[in-house]
Structures are given as C-alpha cells and as structure tokens.
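Survey of secondary and tertiary structure
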Amino acid sequence: MALQASILPSAISVHKEGKLNCLIKDCSINGAFVSKSVKSDFSPLLIGTKELKRKQLLGPIRAQTATVAPSVNEAAPDGKKTLRKGNVIITGASSGLGLATAKALADTGKWHVIMACRNFLKAEKAAKSVGITKENYTVMHLDLSSLDSVRQFVDTFRRSGRPLDALVCNAAVYLPTAKEPTYTAEGFELSVGTNHLGHFLLSRLLLDDLKKSDYEQKRLIIVGSITGNTNTLAGNVPPKANLGDLRGLAGGLNGLNSSAMIDGGEFDGAKAYKDSKVCNMLTMQEFHRRFHDESGITFSSLYPGCIATTGLFREHIPLFRILFPPFQKYITKGYVSEEEAGKRLAQVVSDLSLAKSGVYWSWNNKSASFENQLSQEASDAEKARKLWEVSEKLVGLA
Ligand code: LMG
Ligand code: NDP
Ligand code: PMR
C-alpha cells in the first residue's frame, strides 16, 4: 500500500476515519449473492436443429431450448399493442456477474436471457439455483476460446428465430499464477484470445442481428475494468496494462514466432488479463465510432465495482482468495456484491437513463451511475483503430 501511495500520490487519500478514498468512487456493501447447485437433467451438449427435431418426436420440449420469439408487437385482447420481451445474449452467464445480470433482467419479466456458456450443465444448474424461471432463459453453448464455437453459436442463435436486442460480452478468464502461456483452439494466448478475440468475433458477427432488431433500443456492452485503467490506483498495482505498439498481437500472439503478450513482452498472466480489458474498452469505443450514428445502437462498457467473491479469482493463490474480499470490503471499500453488480450491468442493458453511446460507466458509493474517465491508453483512438484492424485479421474477418 505504501508502495502504491508513493506511485500515485494523487490517486489516494486517507479519510479522517481512516477509510481509503480513491479516484474511482465505487463503494457499495451488500449481502452476498448465494448460489446453490441443484440437479438438472439437461444435456451439456449444444442442442441444434436435429436434436430439437429428435426431442420433438420424443415428447414435449423444454422451454429453454425451443421457444420461438413472440411476435413483435403482439396485439393484446383489447386491441392495444404490447411491446414484446427483449432478447439479450449474456456470455459467461453461468457464474458471477453474468449470472447475477441474467437474474436481474429475467426478474423484470421484460427480458428473455440467452445464457451463452461453455458448460451447458453448469449454466442450467446456475439458472435454477438463483431461481430464473424457465420461460425467461435459454442456455446456448459458446466457448469463446474457439472461433469455430463462436461461429457455431451465432448460427445456432440465428436458427432459434429470436431477434437480438442486446449483447453483453461478459465472460472472462484470469490466470494470475500461470508461469507459461496457454492457448485457444486457434493458438492465441488464452486470456486475450478468450476475453478479447472471442468477443471481438462474436460481436462483429452479431452486429448485423442487432441492426435488424426493431426493439425500442439496441445495445452492445463489453465489460471493462478498473484494473485496465492506469489513471486509477487499482490500475497501478503491478503488473500494469500496456498494449505497446501491438507487435505481439500482430504476430499472432502464439508464443512461437511472436510473443504471447500483446506488447511483445514476457508472458505475465495478470498483465494479459488487464491488457484484454483494455482491448475490451477500446473495442467498445471503436464500435461506437464506426457504427453508432448509422445503426442507433448504444455501445457501452463499465466497471461494475470489485466483485471480490466471483469465480474470476479461482486460479489465484489461496491466501489471495481469503484476503481479497475483506481487503476490498473494509480497506479499499471498492467491494460490491454479485447481486448489486448484476443490477448495475442490468441498468446498462435496459435503463433509459444509460442510453448514451460510447460511455464507460461506473457507480459511486451511493450506487449512482456516472460516466467515468478512461486512462489515456484505454481511450486512444488511434490504438483502437489499429487494434480493430489487427483483430479482424486474426479472427478471419479481413
Ligand atoms: C500477485 O499476487 C502475484 O504475485 C503477481 O504475479 C500477479 O499475479 C498479481 O495482480 C496479480 O498477484 C498477489 C498476492 C501476493 O496478493 C495478495 O494476496 C494480496 C491480497 C490483497 C491484499 C491483502 C492485504 C491484507 C490486508 C488484510 C486485511 C483483511 C482484513 C480486513 C479487516 C478489516 C477490519 C476492519 O501478495 C501481494 O501482492 C503482496 C501484498 C502485500 C500486502 C500489502 C498489504 C497491503 C495492506 C493494505 C493496507 C492498506 C492500508 C491503507 C490505509 C488504511 C488506513 C487505516
Ligand atoms: P466469473 O469467473 O464468475 O465469471 C466468468 C464467466 O466467464 C464464467 O461464466 C465462465 O464460465 C465464463 N467463461 C470463461 N471462459 C469462457 C469461455 N472460453 N467461453 C465461454 N465462457 C467462458 O467472473 P466474474 O463474474 O467476476 O467476471 C465477469 C466479468 O466481469 C469479466 O469480464 C471480468 O473481467 C469483469 N470484472 C470482474 C470484476 C470482479 O471484481 N470480479 C471487476 C471488474 C470486471 P464457467 O462458469 O464455465 O467457468
Ligand atoms: Mg486491487 C481502491 C482501490 C482498489 C480497487 C477498487 C481495486 C480493485 N484494487 C484496489 C487497490 C489495490 N489492489 C491495492 C492497494 C492493492 C495492493 C495490495 C491491490 C492488489 C490487487 C491484486 C493483487 N488488486 C487486485 C489484485 C488482483 O489479482 C486483482 C486483479 O488485478 O485482477 C486482474 C485485483 C483487483 N483489484 C480491484 C479489482 C476490481 C480487481 C480484480 C478484477 C478486475 O479488474 O477485473
């Protein structure tokens, strides 16, 4: 801490009461979001058209896998038009922030949530454990560490016949203790490959679907984080995010003929995660610049607060997992429960007051949203353009 304070004296101060006060006011303490496992009879496999047909022959179909979108503006009995439910895809909705957001949106009764998850059975159990009613969600298989899986997911989603009104790129992996890089199916370093490149392809492909939606508002959200922003105290905890001139990414991020790190440096799992978050925030802004005016889609990113209890830290050392939640709760006051964070992301999906495009949202200690300032690198338009072009090549779009 003393080290941090000396690195960034302007970013931190100590209140009279001894509370830590930081640039980002993201403090909110809420009860923990409890998730229990329950039994499920769902197949962990992707359910495609053939499988659906087979199930139709065998008997009644479960709502989760076979519902067809209700028609637009269904006429109510009294002749008045009622707005249809919105359809939102949330990646990584099987735990943490994604699950809490799915729950928050489903509970409004206004959204049907497509839970895009790599582990079908886990997602089904998770949805049941938090009590999402079955007509309000569908689980579809998506492994972001495989571009084939991303393309297959888009195909399956289109075959479901649902319009797409909002896409939330939420899933992520964090490998802080990895000594050596691991790789996606296409050979990209796993953190950037999953968190950035998988989502980049997914969102580029689904942009067309969003454009076609006739919903009252259409949104594409990519979850960012404070730790990728070096204009904050948290973003100055080493190793710091830095994309450099993108030479490692341009070289394919494969650790063979190029580095596994975007900036071309030595592999560092914690840095790779933070770099991937910078990519997420740059991508959101590039989407905004390229497509907002033409499509009317709202592009947003956010830092929901420090959700210190999620699965994101599963690879961290046990001591960290024990100390991190109390550290965030009682010392930095940056802690937020999964439930509260889910409500925040749900606001970014559906609140009319958060309709502005190109914004990186955060919340203050009274849980009020505000437009936050990104670091210099995370708001560098030239870097965003270059990142876009290099990423297009890597995922086979250019
Ligand atoms: C590193 O490990 C890896 O080494 C690195 O490779 C990389 O992967 C990196 O960013 C990822 O992680 C992290 C691991 C190693 O860190 C921890 O485990 C630290 C966890 C968080 C710090 C815990 C602080 C302990 C405080 C416990 C408090 C809990 C109880 C609260 C009860 C409150 C009651 C009211 O370790 C380190 O990083 C070294 C960390 C050294 C700890 C430094 C201690 C900081 C204490 C902060 C005090 C702040 C005081 C502010 C002023 C308060 C005024 C009263
Ligand atoms: P969790 O680990 O709880 O959730 C991550 C989700 O991503 C899980 O559902 C996981 O699936 C899924 N996932 C991981 N790899 C893949 C993959 N290859 N394909 C598909 N899904 C995958 O972490 P959080 O809820 O904390 O993280 C959610 C988002 O919030 C991330 O973008 C993270 O960067 C961001 N964030 C988190 C903060 C925090 O303090 N926790 C702070 C700021 C931002 P599975 O369940 O199968 O493992
Ligand atoms: Mg950090 C106000 C201070 C603050 C906030 C909001 C966070 C958020 N962190 C803060 C401060 C500190 N952290 C300080 C002073 C330290 C040194 C003790 C510290 C350490 C620390 C570690 C080792 N913090 C971490 C780690 C992680 O491994 C987490 C990480 O970097 O994941 C990439 C993490 C985080 N701190 C946060 C948040 C939100 C995270 C994790 C998740 C993320 O950014 O997505």
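Residues numbered from 1 in each chain as written. Chains lettered and ligands numbered in written order. Predicted model: local features only at pLDDT ≥ 70, side-chain atom pairs only at ≥ 80, totals over all residues. Heavy atoms only, no water.

Relative to the helices and strands, Thr-194 is located in helix H7 (residues 190–212). Relative accessible area serves as the criterion here: at 9%, Thr-194 is assigned to the buried category. Setting aside residues up to four positions removed in sequence, Thr-194 forms contacts with Leu-144, Ser-145, Val-173, Thr-184 and His-199. (Helix = DSSP H or I, 4+ residues; strand = E, 2+ residues; numbered from the N terminus. Buried < 20%, exposed > 50% of the residue type's maximum accessible area, 1.4 Å probe, protein only. Contact = heavy atoms within 4.5 Å.)

One finds Ile-89, Phe-153, Leu-202 and Leu-206 to be the most contacted residues of the largest nonpolar core, which totals 61 residues. Taken together, the elements giving at least two residues each to this core come down to strand E4 (111–117), helix H6 (147–159), strand E6 (166–169), H7, strand E7 (219–223), helix H9 (269–295) and helix H12 (381–394). With near-sequence residues (within four places) excluded, Leu-202 lies in contact with Thr-91, Leu-142, Leu-144, Val-150, Phe-153, Val-154 and Leu-167. In terms of nonpolar packing, the next biggest core, distinct from the first, is built from 38 residues, Val-130, Tyr-215, Ala-346 and Val-348 among them. (Core = buried A, V, L, I, M, F, W, Y, C linked by side-chain atoms within 4.5 Å.)

Following the criterion strictly, the structure yields 11 aromatic pairs and no others. Geometrically, the ring pair formed by Phe-287 and Phe-299 is stacked, given 5.3 Å between the ring centres and 10 degrees between the ring planes. Taken together, the residues Phe-287 in helix H9 and Phe-299 in strand E8 (residues 298–302) connect sequence positions 12 residues apart. Taken as a pair, Phe-287 and Phe-299 share a single burial class, namely buried. Note on Phe-287 and Trp-388: the rings are 4.9 Å apart at their centroids and 85 degrees apart in plane angle, and the pair reads as edge-to-face. With a gap of 101 residues between them, Phe-287 in helix H9 and Trp-388 in helix H12 connect regions that are remote in the sequence. Judged by its relative accessible area of 0%, Phe-287 falls in the buried class. Judged by its relative accessible area of 2%, Trp-388 falls in the buried class. In textbook terms, an aromatic cluster arises when at least three aromatic residues are bridged by ring pairs, as seen for Tyr-174, Tyr-273, Phe-313, Phe-320 and Phe-324. The cationic tip of Lys-329 hangs over the ring face of Tyr-335; the distance from NZ or CZ to the ring centre is 4.8 Å. (Phe/Tyr/Trp six-rings, centres within 6.5 Å; stacked < 30°, edge-to-face > 60°. Lys NZ or Arg CZ within 6 Å of the ring centre and 35° of its normal.)

Our focus in this paragraph is the site of ligand 2. Contacts to ligand 2 come from 31 residues, most closely from Ser-94, Lys-122, Asn-170, Tyr-273 and Thr-310. Contact distances for ligand 2 include 2.7 Å between an oxygen atom and a side-chain N or O atom of Arg-118. (Near = heavy atom within 4 Å. Polar contact = N/O pair within 3.5 Å; in protein donor to acceptor, adjacent residues only side chain to side chain.)

Moving on: the state of the cysteines. Counted according to the given criterion, the structure contains 0 disulfides. Cys-169 carries a free sulfur, and the closest cysteine sulfur to it, the one in Cys-117, is 13 Å from it. (Disulfide = S-S within 2.5 Å.)

This part covers the packing of H7 against H12. For the pair H7 and H12, the least separation of the axes is 10 Å and the interaxial angle reads 85 degrees. One way to sum up the angle between H7 and H12 is to call them roughly perpendicular. Note on element contacts: H12 touches H7 through Leu-387, Trp-388, Ser-391, Glu-392 and Leu-394, opposite His-196, Leu-197, Phe-200 and Arg-204. (Axes fitted to C-alpha atoms, helices over the stretch in contact; angles between N-to-C directions. Parallel < 35°, antiparallel > 145°, perpendicular 65-115°, else oblique.)

Counted by the stated rule, this structure contains 18 salt bridges. In this structure, Arg-84 and Asp-214 form a salt bridge, with 2.7 Å as the shortest nitrogen-oxygen distance. Taken together, the positions of Arg-84 in the loop between helix H3 (63–66) and strand E3 (86–91) and Asp-214 in the loop between H7 and E7 put the pair 130 residues apart, joining distant regions of the chain. You can call Asp-214 partly exposed: its relative accessible area is 44%. In this structure, Glu-392 engages Arg-204 in a salt bridge whose closest nitrogen and oxygen atoms are separated by 2.6 Å. Within this pair, whereas Glu-392 is found in helix H12, its partner Arg-204 is found in helix H7, the two being separated by 188 residues in sequence. Via salt bridges that share partners, Arg-84, Asp-165 and Asp-214 belong to a single interconnected network. (Salt bridge = Lys/Arg side-chain N within 4 Å of Asp/Glu carboxyl O.)

Before going further, it helps to examine the pairing of E8. Burial within E8 is extensive, with 5 of its 5 residues counted as buried. Alternating positions in E8 separate into two faces, Thr-298, Ser-300 and Leu-302 on one and Phe-299 and Ser-301 on the other, with burial throughout. Across 5 bridges, the pairing between E7 and E8 is parallel. Each residue of the ladder has a partner; that of Ile-221, found in E8, is Ser-300. (Pairing = 2+ DSSP bridges.)

Its 14 residues place the ends of H12 20 Å apart at the C-alpha level, agreeing with the 20 Å of an ideal helix rising 1.5 Å per residue. Where H12 is concerned, the buried positions are Lys-383, Ala-384, Leu-387, Trp-388, Val-390, Ser-391, Glu-392 and Leu-394. Contact partners of the buried residues in H12: H6, H7, helix H8 (247–250) and H9. For H12, the N-terminal cap is Asp-380; the gap from its side-chain oxygen to the backbone nitrogen of Glu-382 is 3.0 Å. Looking one or two residues past H12, Gly-396 carries a phi angle of roughly 80 degrees, positive in sign. (Expected span 1.5 Å × (residues − 1).)

Spatial ordering of the open sheet is given by E5-E4-E3-E6-E7-E8-E9-E10, a layout of 8 strands whose pairing is mixed. Strand pairing shows two members of the sheet lacking a second neighbour, strand E5 (137–141) and strand E10 (369–371), which therefore form its edges. Geometrically, the sheet is characterised by an average inter-axis angle of 25 degrees between neighbouring strands, direction not taken into account. In this sheet, E4 lies alongside E3 in parallel orientation, the contact comprising 6 bridges. Across the sheet, Thr-91 pairs through a bridge with Ala-116, a residue of E4. Each of E4 and E5 is contacted by helix H5 (residues 120–129), which is oriented at about 160 degrees to E5, the strand it contacts most. The strands touched by H9 are E7, E8 and strand E9 (359–363); relative to E8, the strand with the most contacts, the crossing angle is about 160 degrees.

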